Amino acid sequence: MKLKFVVILLSLIIFTQIVCAKDIGTTILQLPTNAYDAALANTTGSDELSALSNPALIPFLSRSITLTHVMFLENMKYSIGNVNVPITDKSGINFGFCYFDSGKINKTIENGDSYITDGDFNATDKMFTLSYGKIFKDSFSVGVAIKFIEQKIDDTSYSSFLVGINGLYFFSNNVFCT
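Residues numbered from 1 in each chain as written. Predicted model: local features only at pLDDT ≥ 70, side-chain atom pairs only at ≥ 80, totals over all residues. Heavy atoms only, no water.

Draft legend 1. Representation of the nonpolar core in the model. Among the nonpolar cores identified, the biggest contains seven residues, and these are Leu52, Tyr78, Ile80, Cys98, Phe100, Met127 and Ile149. Contributing elements (two or more residues each) for this core: strand E2 (77-88) and strand E3 (91-111). Membership of the second largest hydrophobic core comes to six residues, among which are Ala56, Leu57, Phe60 and Phe170. (Core = buried A, V, L, I, M, F, W, Y, C linked by side-chain atoms within 4.5 Å. Buried < 20%, exposed > 50% of the residue type's maximum accessible area, 1.4 Å probe, protein only. Helix = DSSP H or I, 4+ residues; strand = E, 2+ residues; numbered from the N terminus.)

Draft legend 2. Focus on the pairing of strand E6 (residues 156-169). Two elements, strand E5 (residues 140-153) and E6, share 14 bridges in a ladder whose sense is antiparallel. The residue bridging Phe140 from the neighbouring strand is Tyr169, located in E6. Here E5 folds back onto E6 in antiparallel fashion, the turn holding two residues, of which Asp154 has a positive phi close to 55°. (Pairing = 2+ DSSP bridges.)

Draft legend 3. Structural view of unusual backbone geometry. Despite not being glycine, Asp154 shows a phi value in the positive range, around 55°. In this fold, Asp154 is placed in the loop between E5 and E6.

Draft legend 4. Highlighting the sheet that holds strand E4 (residues 114-137). Reading across from one edge, E1-E2-E3-E4-E5-E6 is the order of the six strands in this open sheet, with antiparallel pairing throughout. Across the chains shown, the open sheet's two edge strands, defined by having one partner strand only, are strand E1 (64-71) and E6. Neighbour-to-neighbour, the strand axes of this sheet turn through a mean angle of 15°, independent of strand direction. (Axes fitted to C-alpha atoms, helices over the stretch in contact; angles between N-to-C directions.)

Draft legend 5. Structural context of the packing of aromatic side chains. Applying the stated criterion across every chain, the model contains two aromatic pairs. Pairing Phe148 with Phe161 gives two aromatic rings, centres 5.2 Å apart and planes at 55°, and the pair type is tilted. In this pair, Phe148 sits in strand E5 while Phe161 sits in strand E6, placing the two residues 13 residues apart along the sequence. Take Phe148: its relative accessible area is 24%, and that puts it in the partly exposed class. By relative accessible area, Phe161 is classed as exposed at 63%. Its guanidinium or amino end placed over the ring of Phe136, Lys134 lies 5.9 Å from that ring's centre, counting from NZ or CZ. (Phe/Tyr/Trp six-rings, centres within 6.5 Å; stacked < 30°, edge-to-face > 60°. Lys NZ or Arg CZ within 6 Å of the ring centre and 35° of its normal.)

Draft legend 6. Representation of the pattern of salt bridges within the structure. Inspection of the entire model under this criterion finds three salt bridges. The salt bridge partner of Asp154 is Lys107, with a shortest N-O separation of 3.2 Å. You can see Asp154 sitting in the loop between E5 and E6 and its partner Lys107 sitting in strand E3, a full 47 residues away along the chain. Given a relative accessible area of 38%, Asp154 falls into the partly exposed group. A relative accessible area of 26% means that Lys107 is categorised as partly exposed. Note that Glu150 is salt-bridged to Lys126, the shortest N-O span being 3.5 Å. On the criterion of sequence distance, the pair formed by Glu150 in strand E5 and Lys126 in strand E4 is long-range, its members being 24 residues apart. (Salt bridge = Lys/Arg side-chain N within 4 Å of Asp/Glu carboxyl O.)

Below you can see the structure in the form of structure tokens.
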């Protein structure tokens, strides 16, 4: 009975976090970290970078450093980095960052029935993450992440802190392979 309650409670927390993250509007929270996750709608725990999305994966991962830099259309850039450090055989910490740069975008102004160009601007998103994960049973783990998020568009910017709690439960022992 307690296990069902914990699973339902964690499911509600995770669902709430997913719904709220989509309303924030920052690009980096919605971009997948690699091609495999992109093909599966960013729903997997495929590698070390997945720990940025779900810190409950951290204790299952080995010591690692991962860096990725992607050039998108035009001059858009996306970088992501991750350091995973096991503390014990059942817990670990993770440091991560994401950076998105839209490159220069033409600034246009409506002028009656037409538009005129008035220089250009840049848009960037940054996210820094400190996470901790712990295994409570062989098939159940919990992770906590503290994130600093900043978005700048032209001369306007905003930033905030986010705290996320994630859970992971395996119904079979051979689901996750490291």
